[in-house]
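So you can see what is in the structure, the chains are spelled out below.
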Amino acid sequence: MAGVANPMAGFRLVAVDEKKRFMLALIAPAVLVLVFFQILPILTGANASFRDWHLNDPKKTWIGLTNYAYVVRDREFLNVVLPNTFGFLAASVAASLIAGLMLALLLNRQFPGRWLVQTIVLLPLMVAPVIAAIMIRWMFNDQFGIVNVILEAFGIAPIAWLTQKWTAFFAILLTDVWLWTPWFALLLLAALQSLPPEPFEAAQIDAASAWRTFRYITLPMLRPVIVVCVVIRAIDAFRTFDIVWTISGGGPARATEVFSIYAYVEAFQFLNFGRGSAAAVLGAIIIVVFAMALYRLLNRWVEVSR
Amino acid sequence: MSTIEAIQAPRSRYFFEALAPGGRRAFFLLGTVATCLLFAFPVFWLVLTSLRPGYAVYYVHRGSDFTLDNFREVLSQEIVLKALWNSFAIATLATVLSLGVTATSGYMLSRFRGTIPTAWFGAIYVFRCVPYVSWVLPLYFVTRAMGIFDTYWGLLLPHVAVHICFFSWIMKGFFDGIDPSMEYAAMIDGCSRWGAFLRVALPAAVPGLTALAVLCWLYTWNEFLFALILTAQNTPILTVVMAQFVHELGMEWHLMSATAVLALGPALIVTIFGQKYVIRGLKI
């Protein structure tokens, strides 16, 4: 309305429109792919979670929150799956962050053969997680596995690794840490190499010890990168599927089931697609809330420490 | 806190001096070698298993019969060759498409402020968190309904959807690190917005794009869950074929290992040539 009276306002309107059109054109392809291959499936799943939808008998009648009520009351879900998932998340992220940080510090120094060490350390990035999991299952096999052979050489009785809860959990955790430490190392190494050299020179002139240089200079400067890495990795660890599925299949007797396995088993082994979808939706809500809280918390921690 | 550290710092220096002259160096060397062994061992074991004949595979640590027959047998199977080609094609196409789609979206997030970028960033952050299981199951029905189940497109586009969130986030970081004044200069000289993006900003972001390309290629090459659910006989994918050697066709560890070693080859080449670009380009 002002556009007609004031020629300048009309000009501004057109300019804003052109800018907006450019912005929308830039994200249009991404939005299209996201809508058709992520949002549409998620809505399909959410719809199924309110229905009596067995894969062998898809009646698809609306049953409200029955599926959700079942999952929330399921002892398996509350007492095994949730503690397992969050325990796995915390242990895996903490272990691979510390190991990755140590490796990044090592690789940031100059020494002969550094290139070779770096290539070896990055090996796990090249191995498909499912292959790594198959190999671990093979190495921890109670009869033929190399781990028991080595233990026997030291006079320790062979352990049935994958048929007890905590040893199976350990094997899964070990695989995850092995797979993801290089990822942390890579991102932290990139960050280390982009740090300005002056604070380190000043520390050297002041004869600061290696530990104090690390604690008071390197670590604070790395914190933003560490926050981003931890948030991304925590989200991924929450939805781990393939290595748990391959190593233990959630067994023995569903003792190592994590959230993704629970949803998959409900949907495809018990053929209750509606209930599996309800579990998946609940998990999605939990992780979205958790990830936001984690991001806020870590972000605040970074700013306070600055 | 600080007094404790003040006491500990010199003690750790004495510790290394007490070892021996050069003790620190020996300690460092030992640690490095141990780390390398720990990281290389599962891969070493995989290679060793792939070189053992089928009858000796259960006692890999005993005996010394080695053979290349496993590779010959695996490569004579048509499905493995097809899967090698499919995996390569899918990984390459997914890399090209994902980078194309997310370069523009990351540029938008970096250069503009307002409701559209905020809403878009919120959307990708939320969708990044949604667990794979909650959309890979319905995705099966969706790709079926679209008639692209078990084709290249049916696996490619979901992969691109996976990458959109994380890559847009990282791309934003790349473009944040590039000074926009060059683009303004180009626009004053008569470049359109698209021209400024394509001719000025994009070339400056190439190191970052290369790093992401390497990571994206490796990720797609190694992906399992999507390949398992979204493909069937027509489009065999290498990771699924490998896993089938120890699931459905009996426990053929030697054949599985041989295929896995074959799959490792291209990944090794990509990593060896790509690692320096990755480290140079990945600065969040």
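Criteria and thresholds
- Residues numbered from 1 in each chain as written.
- Chains lettered and ligands numbered in written order.
- Predicted model: local features only at pLDDT ≥ 70, side-chain atom pairs only at ≥ 80, totals over all residues.
- Heavy atoms only, no water.
- Domains from an automatic or database assignment.
- Contact = heavy atoms within 4.5 Å.
- Buried area = accessible area lost by both parts, 1.4 Å probe.
- Salt bridge = Lys/Arg side-chain N within 4 Å of Asp/Glu carboxyl O.
- Polar contact = N/O pair within 3.5 Å; in protein donor to acceptor, adjacent residues only side chain to side chain.
- Helix = DSSP H or I, 4+ residues; strand = E, 2+ residues; numbered from the N terminus.
- Buried < 20%, exposed > 50% of the residue type's maximum accessible area, 1.4 Å probe, protein only.
- Nonpolar A, V, L, I, M, F, W, Y, C, P; charged D, E, K, R; others polar.

### Brief notes about the domain arrangement of chain B
Residues and elements named next belong to chain B. Split into domains, chain B comes out as domain 1 (2-50) and domain 2 (71-281). When each unit is reduced to the centre of its C-alpha atoms, the spacing between domain 1 and domain 2 is 37 Å. Every contact between the two is made by five residues of domain 1 and, on the other side, nine residues of domain 2. Contact between domain 1 and domain 2 buries roughly 480 Å² in total, counting both sides, with carbon and sulfur atoms accounting for 81%. The interface formed by domain 1 and domain 2 contains zero salt bridges. Counting across the interface, domain 1 meets domain 2 through zero residue pairs in polar contact (both at pLDDT 80 or more).

### Points about the environment of B:Arg144
Looking at where B:Arg144 falls in the secondary structure, it is placed in helix H6 (residues 133-146). Owing to a relative accessible area of 47%, B:Arg144 belongs among the partly exposed residues under this scheme.

### Some words on the interface of chain A and chain B
Contact with chain A, which involves 91 residues of that partner, is made by 88 residues of chain B. Taken together, the two surfaces of chain A and chain B that pack against each other cover about 8,600 Å², and 81% of this comes from carbon and sulfur. Linking chain A with chain B are one salt bridge, by the criterion used here. Between B:Arg193 and A:Glu18 there is a salt bridge, with the nearest N and O atoms lying 3.2 Å from each other. Where chain A meets chain B, there are twelve residue pairs in polar contact (both at pLDDT 80 or more). In terms of residue count, the dominant contributor to the side of chain A that touches chain B is helix H2 (residues 7-48) of chain A (23 residues). Its residues assigned to classes, the side of chain A that touches chain B shows 70 nonpolar, eleven polar and ten charged.

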